[in-house]
Amino acid sequence: MPRRPTSSRPHPPPPLPTTTGSPTDFLKGVVGKRVVVRLTSGVDYRGVLSCLDGYMNIALEQTEEHVNGAVTNRYGDAFIRGNNVLYISAAEPL
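Since this is a predicted model, take the numbers as computed values, not measurements.

## Regarding the overall build of the protein
Helices and strands together make up the secondary structure of the protein, namely 1 helix and 5 strands. Sorting the 94 residues of the protein into buried and exposed places 24% on the buried side. A separation of at least 24 residues holds for 39% of the contacts in the protein among residues at least 6 apart in sequence. For the protein, the exposed surface amounts to about 7,300 Å²; the carbon and sulfur share of it is 55%.

Quick look at the structure:
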């Protein structure tokens, strides 16, 4: 049986995984999980997100303060005023 010629056209790459959901969905999903909060000053706070409000005021538990990548302080609970927050990211896979 003769072989069919193979196509010289490459197969298209598989679609890249996309994230869905709104920022609100993300924030609801990380409550109770470890997060990194970057302040406008460049200081990072890493801890468990206890709660936050519509002004982005944040309460963290088991908090570490990181300056230039080094731990500078440890706090049991920390409260961060929202106008200082640059971003919040998940510190562990969701």
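This is not the end of the story, as more comes after the structure.
## Some remarks on the pattern of salt bridges
In a structure, side chains of opposite charge can pair up when their charged atoms sit close to one another. Throughout the structure, instances matching the rule amount to 2 salt bridges. Notably, a salt bridge pairs D44 with R38, separated by 2.3 Å at the nearest N-O pair. The residue R74 makes a salt bridge to E64 at a minimum N-O spacing of 2.2 Å. In this pair, R74 sits in strand β4 (residues 70-80) while E64 sits in strand β3 (residues 58-67), placing the two residues 10 residues apart along the sequence. Residue R74 is classed as exposed on the basis of its relative accessible area, which comes to 60%.

The rules behind the values
- Residue positions are counted from 1 within each chain, in the order its sequence is given.
- The predicted origin of the model limits local features to residues at a pLDDT of at least 70 and limits the giving and counting of side-chain atom pairs to 80 or more, whereas totals for whole chains, interfaces and linings rest on all residues.
- Calculated side-chain values reflect all of the structure's heavy atoms, with hydrogen atoms and water omitted.
- Numbering of helices and strands starts at the N terminus; helices are DSSP runs of H or I of at least 4 residues and strands are runs of E of at least 2.
- Only protein chains enter the accessibility calculation, which uses a 1.4 Å probe; a residue whose area is less than 20% of its type maximum is buried, one above 50% is exposed, and one in between is partly exposed.
- When checking whether two residues touch, look at their non-hydrogen atoms; a contact exists if any pair is within 4.5 Å.
- Using a 1.4 Å probe, accessible areas were evaluated by the Shrake-Rupley method; residue-level cover was limited to the displayed protein chains.
- Put simply, a salt bridge is a Lys or Arg side-chain nitrogen that is within 4 Å of an Asp or Glu carboxyl oxygen.

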